[in-house]
Every structure is written in C-alpha cells, then in structure tokens.
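This is what each chain is made of:
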Amino acid sequence: ETGVTQTPRHLVMGMTNKKSLKCEQHLGHNAMYWYKQSAKKPLELMFVYSLEERVENNSVPSRFSPECPNSSHLFLHLHTLQPEDSALYLCASSPGLVQETQYFGPGTRLLVL
Amino acid sequence: GESVGLHLPTLSVQEGDNSIINCAYSNSASDYFIWYKQESGKGPQFIIDIRSNMDKRQGQRVTVLLNKTVKHLSLQIAATQPGDSAVYFCAATGGNSGGSNYKLTFGKGTLLTVNP
C-alpha cells in the first residue's frame, strides 16, 4: 500500500448525474494531484494542490471541479460528464512540489454512460 | 514543452533473464526522473528515481541509467520474475518555464511480460 486511498474504486454514472471521487493520503504530504489515465495514452495531469491551494488547472473542463479541504483530503466533483470522460482517475501526493516523488492511489475506474 | 517516450510498447522476456526498458526525453533541462510500475487494476507504484547529477542508481534488482548527452534513460531489472509483469512508465520533471517546475511528464508505458 502506498498510503494513498481512493473511493470509490469503480463508478458508473449517467451523463446527468453528479458524483464525487475522494482521495485521502496518510503520508503527511503537502501536495496532492489528480490525473486522468485513458487507454494507450500517457497520464494527463488535471489539477495540483499545494498546502490546500490550487496551483494548477491543466485546461480541464468545468464539469470537473476539485476541492481540497485540508492537506490530507482531495475531492473531484463530477457533473454532466461525457462518455469520453470514462477513464481511470488517479490521485497522487508528494512531500512538496519540486523534484519530489509522487505516490499514487489505486485509482477510480469511471464509466460514463 | 517536455515529451517523454518509451522505445517499445511491449517487451517479453523469460523468467530469470534480465530486462531492459528504455525511455527518451526531449527537454535537456529535465533534472529529475522516475520509473513507475503499474500492475493491472492498480495505480502506478514508485520503483526508483534518479537526479540529473547522477548517471546510475541501483535499487533492489533494479538499476536506472541516465545518459544526459542523448537524453535517454533505462530501467534494468535483474533476474526478472513473473511478479515483475506490469506496465512500466518513465517520468521526467524540471526545466519547465513559468514556475511549473513540478510537473511530471509521463511516457505511454512499456508492457513487460515475463514468461515462466
């Protein structure tokens, strides 16, 4: 186990639903990340938080809304998603931002119907 | 911006052989590199890292080699075991402009299959 947990592990939702993904890290890290992993594509960085402040929004559509209430928790709120948003969503954390190893959770497998 | 690519999308080896997975990066200012292993149904798992002031770093059964001249790094796995079967990613960071020096750029991954 990496010390980063994600729930749910699997999620099926319709395009009109609203759902949230949760990430929790037990490593005392200060930075947290959301990535999208699609088949046959490199990991795509979505959002970065450092000390609960968002430092990166990598041109992500507004139907994805992150929230970082404290340095241990990170959420990704989903609404009116599209089928092409189906992917594995990975959360990661690192001690700081620069030249730090990122530790990943197991991911949430999302299917949008 | 940075791009990172692996030379082969798949690699098949016999159990007990040594495996070598290669990766190339484009940004000569990149200064930190990581190898990850991702098994089916799991998130990427850290294997080993190397900073640009080093050419080689060894871990348990794994060695990473960095050639900054040709912007190439490799992951060597000694005595490959069935449990090593997974997708392996290299990632690079550093040298980014605009203060985003923390961004990791990932390659697509090499699927390593170990035959018993």
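Everything below is about the structure shown above.
Let us look at the structure shown here.

What counts and what doesn't
Residues numbered from 1 in each chain as written. Chains lettered and ligands numbered in written order. Predicted model: local features only at pLDDT ≥ 70, side-chain atom pairs only at ≥ 80, totals over all residues. Heavy atoms only, no water. Helix = DSSP H or I, 4+ residues; strand = E, 2+ residues; numbered from the N terminus. Buried < 20%, exposed > 50% of the residue type's maximum accessible area, 1.4 Å probe, protein only. Contact = heavy atoms within 4.5 Å.

### Section: the environment of Ser38 of chain A
Residue and element names in this part refer to chain A. Residue placement: Ser38 occurs in the loop between β4 (31–37) and β5 (44–50). On the basis of relative accessible area, Ser38 is assigned to the buried category, the value being 16%. C-alpha of Ser38 to C-alpha of Glu84: the two residues are 46 residues apart in sequence and 9.4 Å apart in space. With near-sequence residues (within four places) excluded, Ser38 lies in contact with Glu44 and Ala87.

### Here we look at unusual backbone geometry
Cis geometry is found at the peptide bond from Thr7 of chain A to Pro8 of chain A, where omega equals -10 degrees. In this fold, Pro8 of chain A is placed in the loop between β1 (4–7) and β2 (10–13). Not every positive phi belongs to a glycine, and Lys71 of chain B is a case in point at roughly 55 degrees. Here Lys71 of chain B lies in the loop between β7 (62–67) and β8 (72–77).

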